[in-house]
Amino acid sequence: MSYSPGTFTIGGKTVRRLGFGAMSLTGPGVWGPPRDHDEAIRVLRRAVDLGVELIDTADSYGPYVNEELIREALHPYPERLLIATKAGFVRPRPGQWEAVGRPAYLRQEVEMSLRRLGLDRIDLLQLHRIDPAVPLEDQVGELSALRDEGKIGSVGLSEVSVEELERARRVVEIATVQNRYNLTLRVSEGVLEHCEKEGIGFIPYSPIAKGRLAEPGGPVDHVAQAVGATPAQVSLAWLLARSPVTMPIPGTSTVAHLEENLAASAVSLTAEQLRELG
């Protein structure tokens with residue numbers, strides 16, 4: 001038994017399931033410009049050259065720097081490319097995050113993301129975090145209004161429970177959920193299973209556990225040696241095989257590491273290996 005990396009359709013746009021998470025293309029602490037601006041541009045362009053069709057970013061990465069880099073590197077965008085961004089989680093200083101879900105603020109940030117990215121419509125706008133000070137229905141209700149106005153194509157959520165997902169779905173169709181999930185961190189297993197049942201895309205961020213799964217001698221090293229791949233590639237291949245709705249978005253700031261990650265799409269795992277890893 002083996003698997004194919006396959007595709008997933010978001011709002012009528014079909015993309016390859018192995019995407020790219022652009023957060024690493026900012027400065028330390030997800031703050032400010034990258035250490036190597038030219039390499040960041042090369043990474044984005046090489047990702048598209050290698051067939052990436054889903055790039056994930058957020059207004060808070062930088063803040064704003066990440067979206068601006070994407071536009072500099074890739075605009076005008078290939079028709080097949082889906083850029084997913086987020087709003088509702090601010091970065092007031094390095095190492096600090098705060099949820100801000102006031103409807104007026106979300107609207108402002110969508111308008112500014114459109115400008116920074118050079119888009120007329122954002123294909124996928126994700127509520128980066130639920131603001132506990134604002135009713136969830138008001139937050140996704142504003143995104144629903146923006147979708148109806150044609151400013152966003154589809155609505156997604158990030159770091160939610162099944163109950164929160166279902167509350168949001170009573171207000172607007174939810175295309176994707178982005179939760180932290182990898183081989184060694186599976187607290188969102190129930191959310192993934194619910195997404196698969198409902199046909200909702202599941203975007204597992206931190207798919208290599210911030211690099212820990214890529215370390216030699218780690219929990220996937222023996223499988224990596226058996227299939228002639230790196231531990232990072234096996235970790236990503238497992239995510240692709242885990243469910244037809246998973247869309248891992250490994251991130252990096254170097255072309256060499258990008259090429260290693262994307263080669264995971266060619267890694268085949270046997271049923272026995274999948275059971276062992278699972």
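For the structure, see preceding data.
Just so it is clear, the model here is predicted, and its values are computed rather than measured.

What follows deals with the overall build of the protein. Helix and strand counts for the protein come out as 10 helices and 11 strands. The C-alpha atoms of the protein give a radius of gyration of 18 Å, which matches the 19 Å a tight globule of 278 residues would have. Projecting the C-alpha coordinates of the protein onto the three principal axes gives extents of approximately 55 × 40 × 35 Å. Residues classed as buried in the protein amount to 55% of the 278 residues present. Intrachain contacts of the protein at a sequence separation of at least 6 include 74% that bridge at least 24 residues. Only carbon and sulfur atoms are counted for the fraction: they give 48% of the accessible area of the protein, which is about 11,600 Å².

Our focus in this paragraph is the packing of aromatic side chains. In this structure the tally under the stated criterion is 4 aromatic pairs. Between the aromatic rings of tyrosine 181 and phenylalanine 202, the centroid separation amounts to 5.7 Å while the plane-to-plane angle is 90 degrees, which identifies the pairing as edge-to-face. Of this pair, tyrosine 181 sits in the loop between strand E10 (174-180) and helix H6 (189-198) while phenylalanine 202 sits in strand E11 (residues 201-205), placing them 21 residues apart in sequence. We note that tyrosine 181, like phenylalanine 202, is buried. Grouping aromatic residues by their ring pairs yields a cluster made of Tyr61, Phe89 and Trp97.

Once that is clear, we can look at the pairing of strand E1 (residues 7-10). Of the two faces of E1, only the one carrying Phe8 and Ile10 is buried; Thr7 and Thr9 on the other face are not. In terms of strand pairing, E1 meets strand E2 (residues 13-16) through 4 bridges, oriented antiparallel. In the strand pairing of E2, threonine 9 is matched with threonine 14. Connecting E1 to the next strand, E2, in antiparallel fashion are 2 residues, including glycine 11 with a positive phi near 60 degrees.

Okay, the pattern of salt bridges next. What the rule picks out here adds up to 18 salt bridges. Residue arginine 80 pairs with glutamate 53 through a salt bridge whose shortest N-O separation is 4.0 Å. Placement of the pair is arginine 80 in the loop between helix H2 (65-74) and strand E5 (82-87) and glutamate 53 in the loop between helix H1 (37-49) and strand E4 (54-56), with a sequence separation of 27 residues. Taking the shortest distance from any N to any O, the salt bridge between glutamate 166 and arginine 169 comes out at 2.8 Å. Of this pair, glutamate 166 and arginine 169 both sit in helix H5 (residues 162-169), 3 residues apart, which is roughly one turn of the helix. Residue classification places glutamate 166 among the partly exposed positions, given a relative accessible area of 24%.

Let's shift gears to the packing of helix H3 (residues 103-117) against helix H4 (residues 136-148). Interaxial distance between H3 and H4 falls to 9 Å at its minimum, and their mutual angle equals 40 degrees. Considered as vectors, H3 and H4 are oriented oblique to each other. Handedness of the crossing formed by H3 with H4: right-handed. Between H3, through Pro103, Leu106, Arg107 and Val110, and H4, the contact on the second element is made entirely by Asp138, Gln139, Glu142, Ala145 and Leu146. Considered class by class, the residues forming the contact of H3 with H4 number 5 nonpolar, 1 polar and 3 charged.

What follows concerns the nonpolar core. Core analysis: the largest hydrophobic core is formed by 83 residues, its most contacted members being Phe20, Leu44, Ile55, Ile70, Leu74 and Leu269. Considering each element in turn, this core owes the most residues, 7 residues, to helix H8 (residues 231-242). Dropping the residues within four chain positions of it, leucine 74 is found in contact with Leu44, Arg45, Val48, Ile55 and Leu81.

What follows covers the pairing of E10. For E10, a buried count of 6 out of 7 residues is recorded, marking the element as mostly surrounded by other parts of the structure. Bridge count for strand E9 (residues 152-158) against E10 is 4 bridges, and the pairing is parallel. Within E10, the residue paired with valine 155 across the bridge is isoleucine 174. Handedness of the crossover joining E9 and E10 through H5: right-handed. Sheet topology places E10 next to E11; 5 bridges connect them, and they run parallel. By the bridge assignment for E11, threonine 176 is matched with glycine 201. As a crossover connection, the stretch from E10 through H6 into E11 is right-handed.

Conventions we followed
Residues numbered from 1 in each chain as written. Predicted model: local features only at pLDDT ≥ 70, side-chain atom pairs only at ≥ 80, totals over all residues. Heavy atoms only, no water. Helix = DSSP H or I, 4+ residues; strand = E, 2+ residues; numbered from the N terminus. Rg over C-alpha atoms; globule rule 2.2 N^0.38 Å. Buried < 20%, exposed > 50% of the residue type's maximum accessible area, 1.4 Å probe, protein only. Contact = heavy atoms within 4.5 Å. Areas by Shrake-Rupley, 256 points an atom, 1.4 Å probe, with all protein chains shown as cover. Phe/Tyr/Trp six-rings, centres within 6.5 Å; stacked < 30°, edge-to-face > 60°. Pairing = 2+ DSSP bridges. Salt bridge = Lys/Arg side-chain N within 4 Å of Asp/Glu carboxyl O. Axes fitted to C-alpha atoms, helices over the stretch in contact; angles between N-to-C directions. Parallel < 35°, antiparallel > 145°, perpendicular 65-115°, else oblique. Left-handed = near helix turned anticlockwise from the far one by under 90°. Nonpolar A, V, L, I, M, F, W, Y, C, P; charged D, E, K, R; others polar. Core = buried A, V, L, I, M, F, W, Y, C linked by side-chain atoms within 4.5 Å. Right-handed = clockwise from strand over helix to strand, strands pointing away.

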